[in-house]
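Here is how the chains run, residue by residue.
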Amino acid sequence: MSAHRITAMITSALLATSLTLAACTDAPAPLDARPSPKEDGRISDARGISPFDTRHPAIRHLDADLLRGVRKAADKARRQGVEMFVTSGWRSVEYQRSLQERAVARYGSREQAERFVLSPEKSAHVRGEAVDIGPTDADDWLIRNGAEFGLCQTYANEMWHFELATRPGGECPPPKSDATAAH
Ligand SMILES: [Zn+2]
């Protein structure tokens, strides 16, 4: 066999290997993958979605530490007979803006609306640093047990809204009265 022929065989073998490797990179997007302009994080299922539903942008674009905590909490809650759903997670700027506009229409002014829906610039949801949890028994469970996972209810008027606000096993700060309270 000529040297030229051996070189050709090696080249084709290497090419086949690199094609196989290329096919293997078709893995699920990492959690911190940047949102595409088409994604808004809207959750159409009124009950909410599983925190393990990584295909959904509302879950996929959450802060990795927050998501880890929510999943651990959901596992423990389930073992105690409480099913936990995410009713809202990461939201795009446009989606947050539409929620804010709807709230302004409902509450009559931007100031009143801000007690419930913050602007995209201020919302922890847009940063992927907040989750809304349902149903009510899951909220109640998480208020009582969330600190074990670093998860705290941050606003007294939103029993469903949780953020990482302490270290796992720490103590949650008292919730602010609402989103307009001074930080
Ligand atoms: Zn929220």
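Residues numbered from 1 in each chain as written. Predicted model: local features only at pLDDT ≥ 70, side-chain atom pairs only at ≥ 80, totals over all residues. Heavy atoms only, no water.

Describing the coordination of the zinc ion
In a perfect tetrahedron of four donors around a metal, the angles come out at 109.5 degrees. In a perfect octahedron of six, they are 90 or 180 degrees. The zinc ion binds to the protein through His125 (NE2), Asp132 (OD) and His161 (ND1), with metal-donor distances spanning 2.0 to 2.1 Å. Considered as a linear motif, the donors of the zinc ion on their single chain read H-x6-D-x28-H. The buried category is assigned to Asp132, whose relative accessible area is 7%. (Donors = N, O, S within 2.8 Å, 3.2 Å for Na, K, Ca; no water. Buried < 20%, exposed > 50% of the residue type's maximum accessible area, 1.4 Å probe, protein only.)

Quick word on the nonpolar core
Among soluble globular proteins, nonpolar side chains are generally buried collectively. Counting 23 residues, the largest nonpolar core has Met84, Val131, Ile133, Trp141 and Leu142 as the members making the most contacts within it. Put simply, the parts of the chain that give this core at least two residues each are α2 (57-60), α3 (64-79), β2 (131-134) and α6 (136-145). Here Leu142 is in contact with Ala73, Met84, Ile133, Leu151 and Phe162, once residues within four sequence places are set aside. Counting five residues, the second largest nonpolar core, distinct from the first, contains Tyr95, Leu99, Ala113 and Val117. (Core = buried A, V, L, I, M, F, W, Y, C linked by side-chain atoms within 4.5 Å. Helix = DSSP H or I, 4+ residues; strand = E, 2+ residues; numbered from the N terminus. Contact = heavy atoms within 4.5 Å.)

Structural notes on the layout of surface pockets
In this structure, the largest pocket occupies an estimated 680 Å³ of space. Along the walls of the largest pocket sit 25 residues, with Arg91, Leu99, Phe116, Val117 and Asp132 positioned nearest its centre. Going through the elements one at a time, β1 (85-88), α4 (93-107) and β2 are the ones with two or more residues in the lining of the largest pocket. At seven residues, the largest contribution of residues to the lining of the largest pocket is made by α4. Considering only residue class, the lining of the largest pocket consists of 13 nonpolar, six polar and six charged. (1 Å grid on protein atoms, 1.4 Å probe; cavity = no way out; pocket = protein on both sides within 12 Å on 5 of 7 lines; lining within 4 Å. Points joined across faces, edges and corners; volume = space filled by probe spheres on them. Nonpolar A, V, L, I, M, F, W, Y, C, P; charged D, E, K, R; others polar.)

Brief notes about the confidence of the model for the protein chain
A residue-level look at the protein chain finds 81% of positions with pLDDT of 70 or above and a mean pLDDT of 88. In the predicted structure, residues 16-27 sits below a pLDDT of 50 and forms zero contacts with residues beyond four places in sequence or in another chain. (pLDDT = per-residue confidence, 0-100.)

So, the pairing of β2
Covered by surrounding structure in β2 are Val131 and Ile133 together with Asp132 and Gly134, the residues of both alternating faces. In the sheet, β1 pairs with β2 via three bridges, with the strands oriented antiparallel. Within β2, the residue paired with Phe85 across the bridge is Gly134. Where β2 and strand β4 (residues 161-164) come together, two bridges link them in antiparallel fashion. Residue pairing for β4: Val131 is matched across the bridge by Phe162. (Pairing = 2+ DSSP bridges.)

Some thoughts on the sheet that holds β4
Across the sheet, four strands lie side by side as β1-β2-β4-β3; this open sheet has antiparallel pairing. Either end of the sheet is taken by a strand with one partner, and the two such strands are β1 and β3 (151-153). The average undirected angle you get between the axes of adjacent strands in this sheet is 45°. Lying on the sheet, α3 is in contact with β2, β3 and β4; it crosses β3 at an angle near 85°. (Axes fitted to C-alpha atoms, helices over the stretch in contact; angles between N-to-C directions.)

Section: the packing of aromatic side chains
Counted according to the given criterion, the structure contains two aromatic pairs. Consider the rings of Tyr107 and Phe116, whose centres lie 4.7 Å apart with planes at 15°: the pair is stacked. With a relative accessible area of 29%, Phe116 lands in the partly exposed category. (Phe/Tyr/Trp six-rings, centres within 6.5 Å; stacked < 30°, edge-to-face > 60°.)

Some details on the state of the cysteines
Enumeration over the complete set of coordinates arrives at one disulfide. Paired by a disulfide, Cys152 and Cys172 hold their sulfur atoms 2.1 Å apart. Linking Cys152 and Cys172, the disulfide has an S-S dihedral of approximately -85° and is accordingly described as left-handed. You can see Cys152 sitting in strand β3 and its partner Cys172 sitting in the segment after β4, a full 20 residues away along the chain. (Disulfide = S-S within 2.5 Å.)

With respect to α3
Taking 1.5 Å per residue, 16 residues should reach 22 Å; α3 reaches 23 Å between its end C-alpha atoms and fits that length. All of the buried residues in α3 are Leu66, Leu67, Gly69, Val70, Arg71, Ala73, Ala74 and Ala77. Residues of α3 that are buried in the fold lie against α2, β2, α6, β3 and β4. Just downstream of α3 lies Gly81, where phi reads positive at about 85°. (Expected span 1.5 Å × (residues − 1).)

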